[in-house]
Amino acid sequence: QVQLVESGGGLVQPGGSLRLSCAPSETIFGNPTMGWYRQAPGKQRELVAAITSGGSTNYADSVKGRFTISRDNAKNTMYLQMNSLKPEDTAVYYCNIDRALVRGKWYFEIWGQGTLVTVSS
């Protein structure tokens, strides 16, 4: 089973920046759409941003203008640059791939283990 490995979370002050990364444990094919989701305590998981294999992006209204999603297809790696962070951005952030072809087998809705982002002074 292919896994997604996230990194880059941590504690940051309001107004600060963090960069999250997400990479699969092995090379994947299949032109997946990749996305970042987050789940704050007591709330449902929500989409933060997504990017297609062709580079089209969409963002939650709450992060537009502050967060930037990108991907390096050669490395199968996705990033989330988070600027002007607010306390309400505090959550566990998860990366997601909608589909992946790995060694001839298709996998769907693959999730990372999550990385905690805490925005606090």
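Residues numbered from 1 in each chain as written. Predicted model: local features only at pLDDT ≥ 70, side-chain atom pairs only at ≥ 80, totals over all residues. Heavy atoms only, no water.

*Asks:* I keep staring at the pairing of strand 9 (residues 91–102) and nothing clicks. Help me out?
*Replies:* Side-chain positions along a regular strand alternate between the two faces of the sheet. Sheet analysis places strand 4 (residues 34–39) next to strand 9, joined by six bridges and oriented antiparallel. Residue pairing for strand 9: Trp36 is matched across the bridge by Cys95. (Pairing = 2+ DSSP bridges. Helix = DSSP H or I, 4+ residues; strand = E, 2+ residues; numbered from the N terminus.)

*Asks:* Sorry, what's going on with the environment of Gly112 here?
*Replies:* Along the chain, the position of Gly112 falls in the loop between strand 10 (105–111) and strand 11 (115–119). Gly112 gets classed as buried once you look at its relative accessible area, which sits at 10%. Sequence-wise, Gly112 and Asn96 are 16 residues apart; in three dimensions their C-alpha atoms are separated by 6.5 Å. Non-local contacts of Gly112, meaning those with residues more than four positions away in its chain, are made with Leu4, Glu6, Tyr94 and Cys95. (Buried < 20%, exposed > 50% of the residue type's maximum accessible area, 1.4 Å probe, protein only. Contact = heavy atoms within 4.5 Å.)

*Asks:* Please clarify how the pattern of salt bridges should be interpreted in this entry.
*Replies:* A side chain of one charge can pair with a side chain of the opposite charge if their charged atoms are brought near each other. Under the counting rule described, the total for this entry stands at six salt bridges. The residue Arg38 makes a salt bridge to Glu46 at a minimum N-O spacing of 2.8 Å. The exposure class of Arg38 is buried, given its relative accessible area of 6%. For Arg66, the salt bridge goes to Asp89, with nearest N and O atoms at 2.7 Å. Taken together, the residues Arg66 in the loop between strand 6 (57–59) and strand 7 (67–72) and Asp89 in the loop between strand 8 (77–82) and strand 9 connect sequence positions 23 residues apart. Among the residues examined, Arg66 registers a relative accessible area of 11% and is labelled buried. Connected through salt bridges with shared partners, the residues Arg38, Glu46, Arg66 and Asp89 form a single ionic network. (Salt bridge = Lys/Arg side-chain N within 4 Å of Asp/Glu carboxyl O.)

*Asks:* Just to check I follow, could you spell out the packing of aromatic side chains for this structure?
*Replies:* Aromatic ring pairs: the centre-centre distance and the angle between the two ring planes describe each pair. Enumeration over the complete set of coordinates arrives at two aromatic pairs. Between Tyr37 and Trp111, the ring centres sit 4.9 Å apart and the planes meet at 65°, which makes this aromatic pair edge-to-face. With a gap of 74 residues between them, Tyr37 in strand 4 and Trp111 in strand 10 connect regions that are remote in the sequence. Classification of Tyr37 as partly exposed rests on a relative accessible area of 23%. An angle of 15° between the planes, with centres 6.1 Å apart, marks the rings of Trp106 and Phe108 as stacked. A relative accessible area of 41% places Trp106 in the partly exposed class. (Phe/Tyr/Trp six-rings, centres within 6.5 Å; stacked < 30°, edge-to-face > 60°.)

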